[in-house]
Amino acid sequence: MFDNLKDKLGSFRKDAEEAAEENVEEVDEEETVEADEPPEPDEPGVDGTPSDVSDAGAATDVETAEAGAELETAETEPLETEPEPEPETDDAATGVDEPEPTEEGTTDSVEDDEEKPAESEDNSTGFGRKAKSLVKGKFVIEEEDLEDALHELEMALLSSDVEMNVADEILDNIRDELVGETRTFTTSTGEVVEEALQEAIHDVISVGQFDFDERIAIEDKPITIVFTGVNGVGKTTSIAKMSRYFEERGFSTVMANGDTYRAGANEQIQEHADALDTKLISHEQGGDPAAVLYDAVEYAEANDVDVVLGDTAGRLHTDEGLMDQLEKIDRVVDPDMTLFVDEAVAGQDAVNRAREFNNAAEIDGAILTKADADSNGGAAISVAHVTGKPILFLGIGQGYDHLERFDPDQMVERLLEDD
Ligand SMILES: Nc1nc2c(ncn2[C@@H]2O[C@H](COP(=O)(O)OP(=O)(O)OP(=O)(O)O)[C@@H](O)[C@H]2O)c(=O)[nH]1
């Protein structure tokens, strides 16, 4: 899911981090010492006491020790017993200034040997590099440092079908987060870039989020939810999935087939109702969709059913007839929620349709289907920002359980996780 976008974000992370690393500023030693915890006189590696790096666990301890070691060695005699100088593959690879092997030749570097390979292979946020940021004290990233990386990112987002304004917003957010701020060495540049990217994406995808389950729990019953969207995007399947979702949470459902337009629509939804053991309310083809939904609400009231799930005919958003129909449904049953359904794989088209449906008949949220088949992720990134309404669910397959609550935190994590 969203693999292309993931790769592109990974490239940006690398580019931006490299650009930032190249601009790490040196500060004088005094400032460095002030800004970080001063190394203790008995700092590991200075007095020759073996330091147990593997016990240090947290990277920061290791970094502090290493930074401390470098600072201290400026004033301290090099050690007499000299282990093999350890090659700093990490720094060598990145061309960052290399500390003198003798300065680093502390006993802790011997203990380091077992730890090092895994970490030093990490060419982005490995502790050798991180430690360098720590030792250098602070860094400032200027806009021009990031220009190329940001341009690449913009192209990557647009080619992943991210809506142009949304791409701009992401870039602005990243600039705001990264550019011009003097950062102390408590974080590595890798982490700074990663956090900026996380925040930038989170900002645009979390627009309008609300606690769906909570809302369902507190609303008076029956709750009527109407599903809109164009043909064939997975509306009916999503209704069936929602029925399963609610039943699993203890809410009973009834389906209503407001798609009185398409031949075979009743049979299609009836199959789902049968499979899920749910009641379906339907009228003859050509009937009035608002009347079907009205009947379903009456049925729910009479039978203590919690949620009415109303299908509607899928037609083009530009179709005035459909929009009139939705208006009539609004007037007649006054739904508690209108959910727009579209397929993630439709990318920019889905984004445009979401905007137009929302303009014509206000939506409360969206379900993006077929996310399992979408490698671009553009619609998932853009729909909330463009409509001001949240993506509530992702369809991730054809089965009834293939419905996932859209969680911005999880989405960001998914997009930025290392493979
Ligand atoms: N891979 C995948 N397929 C899906 C998903 N959701 C729906 N589908 C498939 O998409 C096709 C169309 O789904 P429908 O539910 O019939 O679409 P619809 O919007 O109701 O279509 P109309 O009734 O013609 O308006 C079906 O084959 C579904 O199985 C999903 O999340 N992932």
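Thresholds, definitions, all that
- Throughout this description, residue numbers start from 1 for each chain and increase along the sequence as written.
- Local features are withheld for residues below a pLDDT of 70 in this predicted model, meaning they are given only at 70 or higher, and side-chain atom pairs are given and counted only at 80 or more; totals for whole chains, interfaces and linings count all residues.
- The side-chain quantities take in all heavy atoms of the structure and omit both hydrogens and water.
- UniProt positions are given in the numbering used here, feature names are shortened, and annotations may be inferred rather than shown by experiment.
- Here a pair means two rings of Phe, Tyr or Trp (six-membered ring of Trp) with centres within 6.5 Å. Their orientation is stacked below 30 degrees between planes, edge-to-face above 60, and tilted elsewhere.
- Buried residues are those whose accessible area, probed at 1.4 Å on protein chains only, stays under 20% of the maximum for their type, while exposed residues exceed 50% and partly exposed ones sit between those limits.
- Whether a charge sits over a ring comes down to the Lys NZ or Arg CZ being within 6 Å of the ring centre and within 35 degrees of the ring normal.
- Strands here are runs of E lasting at least two residues and helices are runs of H or I lasting at least four, both read from the DSSP assignment and numbered beginning at the N terminus.
- For helices, the axis comes from a line fit to the C-alpha atoms of the stretch in contact; other axes are also lines fit to C-alpha atoms, and the angle between any two N-to-C directions lies between 0 and 180 degrees.
- Note that the term roughly parallel is reserved for angles under 35 degrees, roughly antiparallel for angles over 145, roughly perpendicular for angles of 65 to 115, and oblique for everything else.
- What makes a crossing left-handed is the near helix being turned counterclockwise from the far one by less than a right angle; a clockwise turn instead makes it right-handed.
- Contact criterion: two residues are considered in contact whenever any of their non-hydrogen atoms come within 4.5 Å of each other.
- Lys, Arg, Asp and Glu make up the charged group, whereas Ala, Val, Leu, Ile, Met, Phe, Trp, Tyr, Cys and Pro make up the nonpolar group; the residues left over, Gly among them, are polar.

- The name an unreviewed UniProt entry gives the chain is Signal recognition particle receptor FtsY, with Natronobacterium texcoconense as the organism.
- The record in UniProt for the chain states the following under Sequence similarities (unreviewed entry): "Belongs to the GTP-binding SRP family. FtsY subfamily."
- Its UniProt record gives the chain a comment under Catalytic activity (unreviewed entry), which states: "GTP + H2O = GDP + phosphate + H(+)".

### Brief notes about the packing of aromatic side chains
Part 1: The tally for this structure, following the rule as stated, stands at seven aromatic pairs.
Part 2: Look at Tyr245 and Phe246: their rings are 5.9 Å apart centre to centre, the planes differ by 80 degrees, and that puts the pair in the edge-to-face class. The pair formed by Tyr245 and Phe246 is uniform in burial state, with each residue classed as buried.
Part 3: In this structure an aromatic cluster arises from ring pairing among Phe212, Tyr245, Phe246, Phe251 and Phe393.
Part 4: Looking at Arg215, its charged tip hangs above the ring of Phe210, at a distance of 4.9 Å from the centre.

### A few points about helix α18 (residues 378–387)
Part 1: Burial within α18 is extensive, with eight of its 10 residues counted as buried.
Part 2: All of the buried residues in α18 are Gly378, Ala379, Ala380, Ile381, Ser382, Val383, Ala384 and Thr387.
Part 3: At the C-terminal side of α18, Gly388 shows a positive phi close to 75 degrees.

### Here we look at the packing of helix α15 (residues 289–303) against helix α16 (residues 320–333)
Part 1: Remark: α15 packs on α16, axes separated minimally by 9 Å, with the N-to-C direction vectors making an angle of 30 degrees. By the angle class used here, α15 and α16 are roughly parallel. The hand of the α15/α16 crossing is right-handed. In contact with Pro289, Ala290, Leu293, Tyr294 and Val297 of α15, α16 contributes Gln325, Lys328, Ile329, Val332 and Val333.
Part 2: Residue composition of the contact of α15 with α16, by class: eight nonpolar, one polar and one charged.

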